[in-house]
Amino acid sequence: MSLRAVERRVKPFRINLSKSRMLLKISIPQKKLLLLFFTAFILFSCKEKYHRNKTHENVSYSSIEKGEALSQEYCGSCHLVPGPSLANSASWEKGILPNMGPRLGIFFYGMQQYPSFKNDKNLDSGFYPSSPVLNFVEWQNIIDYYTATSPDSMPSQKRQHPITTGLTLFKPIVPPYSYPDATISFVHIDSSNKTYSLIVSDVIKQETFFLDKDLSILDSLPNKGPVVNIDFNKENLLACDIGDLNPNNGKSGKAIIVKEDLNGKFTEDAQPLFDSLQRPVQISAADFNDDGKTDYLVCEFGFITGALSWMENLGNEKFLRHVLRPLPGAIKAYINDYNHDGRPDIWVLFAQGDESIILFTNEGNGAFSQEQVLRFPASYGSSYFELDDFDKDGYPDIVYTCGDNADYSPVLKPYHGVYIFMNDKTNHFTQKFFFPIHGCYKAIARDFDGDGDLDLATISFFADYTHQPEEGFVYLKNNGDFNFILYALKEAEIGRWLTMDAGDVDGDGRQDIVLGNFSIGPVLNKPTTNWKQAPPFLLLKNTGK
């Protein structure tokens with residue numbers, strides 16, 4: 001029966017609203033027909049709203065609808081509510097949701113013991129709820145919503161332009177020495193230093209190398225722990241010792257002063273400047289309370305706990321810790337005076353859950369207000385950001401990368417890559433550009449080709465190494481109006497690049513690039529080369545104008 005025929009059959013009725021009564025004059029067959037019509041309409045609406053995947057075709061629409069409503073309440077309490085399309089069904093069922101369960105007080109469900117850290121001595125006893133915050137029927141509704149409406153497999157990337165192999169702007173230079181199983185966690189080009197031009201740190205060897213412009217080793221410094229970052233100030237270097245490199249909730253990280261003697265030799269202080277840090281990944285010096293003493297910002301990335309904090313210098317090598325945000329995932333920070341009031345403000349990228357970029361405004365006397373300027377779903381795997389001015393209006397724009405793929409949904413994701421967000425001059429940001437790169441880990445914006453605009457250099461740590469090994473290093477040449485031409489370098493496929501820096505290694509006025517090889521760690525697909533036999537780093541010498 002057509003819809004018009006149904007309309008004709010149910011037409012003979014009237015509604016009388018007088019005296020607050022509704023009188024329906026419908027025959028019994030007409031009532032049944034009307035009930036069938038509206039039931040079919042509701043089912044049709046649900047079917048249109050929710051598309052079930054092939055592996056969960058029998059899940060009820062009612063449970064899915066309830067699960068969506070519950071997800072807004074429970075999944076949005078800690079981070080941005082994720083849409084089911086952000087991961088494939090198997091990842092929701094076997095990875096994401098089982099790890100979410102304990103956060104809601106559910107440790108065992110459906111004959112499955114969910115993974116948790118409730119016996120971790122480093123966690124407070126109240127970290128997990130003492131009892132479930134929702135019942136098992138509601139939990140199943142959430143499971144049904146995500147597992148039934150998510151894709152069976154992730155869609156492919158959508159690129160307007162292909163990546164072309166054959167980049168001629170850079171000449172790859174392999175260092176004159178090598179060793180197996182390199183795990184480079186930090187590289188830095190220092191064009192201002194008269195002694196060394198490049199610093200490279202290996203976390204497994206626990207050694208930091210200082211090299212000249214010809215890549216000869218001037219000095220090597222044994223580290224007391226794995227160094228993942230170094231802060232440079234006028235007097236000394238400050239090494240960030242992450243403690244235990246593998247994910248954990250312990251507090252074994254340290255800040256260590258590194259001194260250079262008159263002969264250019266480096267030594268670490270016997271005692272840390274301060275310690276008991278949760279897997280710190282960056283420590284930066286600034287005077288936050290204007291008392292003339294050097295304080296320190298600490299990104300304690302942690303694991304399921306962590307914090308962004310600043311250490312107030314009390315003098316006499318004493319520090320007082322102030323927590324700015326008691327959450328894990330602080331991965332990159334910049335300190336600048338964005339509002340020109342004479343006080344150092346802080347921009348920070350948080351990963352590991354509530355992924356976002358937050359601006360901490362210094363209100364004076366060590367107090368900060370905060371504004372979340374960008375927020376991302378937890379599956380994005382935020383990895384890096386920069387403050388750059390693409391339109392030259394004097395206000396910082398944001399280059400952002402996402403691609404950490406070692407957690408609960410280890411599949412290639414089409415939304416991983418490099419993004420550009422433009423500032424409207426009031427620190428409100430709008431996405432202007434996106435280029436998909438599987439597992440993108442870092443992007444650096446510089447005018448590499450000397451034509452007056454900002455180009456991009458990117459690396460990936462979770463690239464599609466089987467089908468697209470060129471994703472490991474991609475150069476995006478800016479042709480104006482955010483039209484980027486994409487290039488790869490065949491020689492750059494020899495390593496697995498975890499870290500990268502740009503600067504003038506040899507003093508010729510051009511921006512060179514150094515890539516650090518971290519040859520171990522989980523991978524999503526089989527590489528075409530043996531990273532463990534590759535050099536610890538690769539220098540890309542800029543040969544442009």
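Residues numbered from 1 in each chain as written. Predicted model: local features only at pLDDT ≥ 70, side-chain atom pairs only at ≥ 80, totals over all residues. Heavy atoms only, no water.

J.: Quick rundown of the overall build of the protein chain? Include the residues and the values.
T.: Across its full length, the protein chain holds 5 helices and 32 strands. Its C-alpha atoms give the protein chain principal-axis dimensions of about 105 × 55 × 50 Å. Counting every position in the protein chain, which comprises 545 residues, the buried fraction comes to 53%. Looking at the protein chain alone, contacts between residues at least 24 apart form 52% of all its contacts between residues at least 6 apart. Summing over all exposed atoms, the protein chain offers an accessible surface of approximately 26,000 Å²; the carbon and sulfur share of this is 52%. On the protein chain, the mean spot of the 53 positive side-chain charges and the mean spot of the 67 negative ones are 14 Å from each other. (Helix = DSSP H or I, 4+ residues; strand = E, 2+ residues; numbered from the N terminus. Buried < 20%, exposed > 50% of the residue type's maximum accessible area, 1.4 Å probe, protein only. Contact = heavy atoms within 4.5 Å. Areas by Shrake-Rupley, 256 points an atom, 1.4 Å probe, with all protein chains shown as cover. Lys, Arg positive; Asp, Glu negative; His and termini not counted. Charge placed at Lys NZ, Arg CZ, Asp CG, Glu CD.)

J.: Help me get a handle on the layout of surface pockets, residues and values and all.
T.: In this model, the second largest pocket occupies a volume close to 1,300 Å³. Together, 49 residues line the second largest pocket, and His79, Arg103, Gln352, Gly353 and Tyr408 are the ones closest to its centre. Per-element accounting of the lining of the second largest pocket gives the leading share, 4 residues, to helix H4 (residues 89-100). Counted by class, the lining of the second largest pocket contains 27 nonpolar, 14 polar and 8 charged residues. (1 Å grid on protein atoms, 1.4 Å probe; cavity = no way out; pocket = protein on both sides within 12 Å on 5 of 7 lines; lining within 4 Å. Points joined across faces, edges and corners; volume = space filled by probe spheres on them. Nonpolar A, V, L, I, M, F, W, Y, C, P; charged D, E, K, R; others polar.)

J.: So, H4: which residues are in play, and what are the values?
T.: Counting buried residues along H4, 9 of its 12 residues qualify, which places the element largely inside the surrounding structure. Among all positions in H4, only Ser89, Ser91, Trp92, Gly95, Ile96, Leu97, Pro98, Asn99 and Met100 are buried. Buried residues along H4 sit against helix H3 (61-74), strand S2 (112-113) and helix H5 (136-149).

J.: A description of the nonpolar core should follow, citing residues and the corresponding values.
T.: With 54 residues, the main nonpolar core has Phe473, Ile513 and Leu515 as its most contacted residues. By residue number, the principal contributor to this core is strand S15 (residues 295-300), which donates 4 residues. Not counting the four nearest positions on each side in its chain, leucine 515 is found in contact with Ile459, Phe473, Ala492, Trp497, Thr499, Met500, Pro536, Phe537, Leu538 and Leu540. Counting 23 residues, the second-largest nonpolar core is a separate cluster that includes Ala87, Trp92, Ile142 and Tyr146. (Core = buried A, V, L, I, M, F, W, Y, C linked by side-chain atoms within 4.5 Å.)

J.: Any chance you could break down the confidence of the model for the protein chain for me, citing the residues and the numbers?
T.: Taken as a whole, the protein chain shows an average pLDDT of 91; of its residues, 91% reach a score of 70 or greater. Long-range and interchain partners of residues 38-44, a stretch whose pLDDT sits below 50, account for 0 contacts in this model, where long-range means more than four residues apart. (pLDDT = per-residue confidence, 0-100.)

J.: Mind laying out the side chain of glutamate 386, listing which residues take part and the relevant values?
T.: Structurally, glutamate 386 can be placed in strand S22 (residues 382-388). Exposure remark for glutamate 386: the relative accessible area of 5% places this residue in the buried category. One polar contact links the side chain of glutamate 386 to the main-chain amide nitrogen of alanine 445, over a distance of 3.1 Å. Discounting chain neighbours no more than four positions away, the residues touching glutamate 386 are Tyr334, Asp397, Ile398, Val399, Ala443, Ile444, Ala445 and Arg446. (Polar contact = N/O pair within 3.5 Å; in protein donor to acceptor, adjacent residues only side chain to side chain.)

J.: Before we move on, could you go through the sheet that holds strand S4 (residues 170-173) and cite the residues and values that matter?
T.: The strand order across the open sheet formed by 4 strands is S4-S32-S31-S30, and the pairing between neighbours is antiparallel. Of all the strands in the sheet, the pair left with one neighbour each is S4 and strand S30 (497-503). When the angles between neighbouring strand axes are averaged without regard to direction, this sheet yields 20°. Relative to strand S31 (residues 512-517), S30 runs antiparallel, the two being bridged by 6 bridges. (Pairing = 2+ DSSP bridges. Axes fitted to C-alpha atoms, helices over the stretch in contact; angles between N-to-C directions.)

J.: So what's going on with the pattern of salt bridges? Residues and values would help.
T.: By the definition in use, this model includes 18 salt bridges. Of the charged contacts, one joins glutamate 471 and arginine 159 as a salt bridge, the two residues approaching to 2.7 Å between their closest N and O atoms. Taken as a pair, glutamate 471 in the loop between strand S27 (455-460) and strand S28 (473-478) and arginine 159 in the loop between H5 and strand S3 (164-165) lie far apart in primary sequence, 312 residues in all. Linking glutamate 386 and arginine 446 is a salt bridge whose minimum nitrogen-to-oxygen distance equals 3.5 Å. Residue glutamate 386 is found in strand S22, and its partner arginine 446 is found in strand S26 (residues 440-446); the two are separated by 60 residues along the sequence. (Salt bridge = Lys/Arg side-chain N within 4 Å of Asp/Glu carboxyl O.)

J.: Describe the environment of valine 281, naming the residues involved and giving the relevant values.
T.: Along the chain, the position of valine 281 falls in strand S14 (residues 280-286). Sequence separation between valine 281 and leucine 262 is 19 residues; the distance between their C-alpha atoms is 29 Å. Non-local contacts of valine 281, meaning those with residues more than four positions away in its chain, are made with Val228, Asn229, Cys240, Ile242, Cys299, Phe301, Ala330 and Ile331.

J.: So what's going on with the packing of H3 against H5? Residues and values would help.
T.: Orientation of H3 relative to H5, taken along the N-to-C sense of each, is 105°, at an axis distance of 7 Å. Judged by the angle between their axes, H3 and H5 are roughly perpendicular. Within the contact between the two elements, H3 uses Ser63, Ile64, Lys66, Gly67, Glu68, Leu70, Ser71 and Tyr74 and H5 uses Glu138, Gln140, Asn141, Ile142, Asp144, Tyr145, Tyr146, Ala148 and Thr149. When its residues are assigned to classes, the contact of H3 with H5 shows 7 nonpolar, 6 polar and 4 charged. (Parallel < 35°, antiparallel > 145°, perpendicular 65-115°, else oblique.)

J.: Give me the packing of H4 against H5: which residues, what numbers.
T.: Two measures define how a pair of helices packs: the angle their axes make with one another and the distance between the axes. Here H4 crosses H5 at 145°, and the two axes come no closer than 9 Å. You can see that H4 and H5 cross each other, and the crossing is right-handed. Listed contacts from H5 to Ser89, Trp92, Glu93, Leu97 and Met100 of H4 are Trp139, Ile142, Ile143, Tyr146 and Thr147. Among the residues forming the contact of H4 with H5, the class breakdown is 7 nonpolar, 2 polar and 1 charged. (Left-handed = near helix turned anticlockwise from the far one by under 90°.)

J.: How would you sum up unusual backbone geometry? Please name residues and give values.
T.: Even without being a glycine, glutamine 352 presents a positive backbone phi close to 65°. Residue glutamine 352 is classed as partly exposed on the basis of its relative accessible area of 22%. Its identity is not glycine, yet asparagine 365 carries a phi of approximately 60°, on the positive side. If you trace the backbone, asparagine 365 turns up in the loop between strand S20 (355-364) and strand S21 (367-376).

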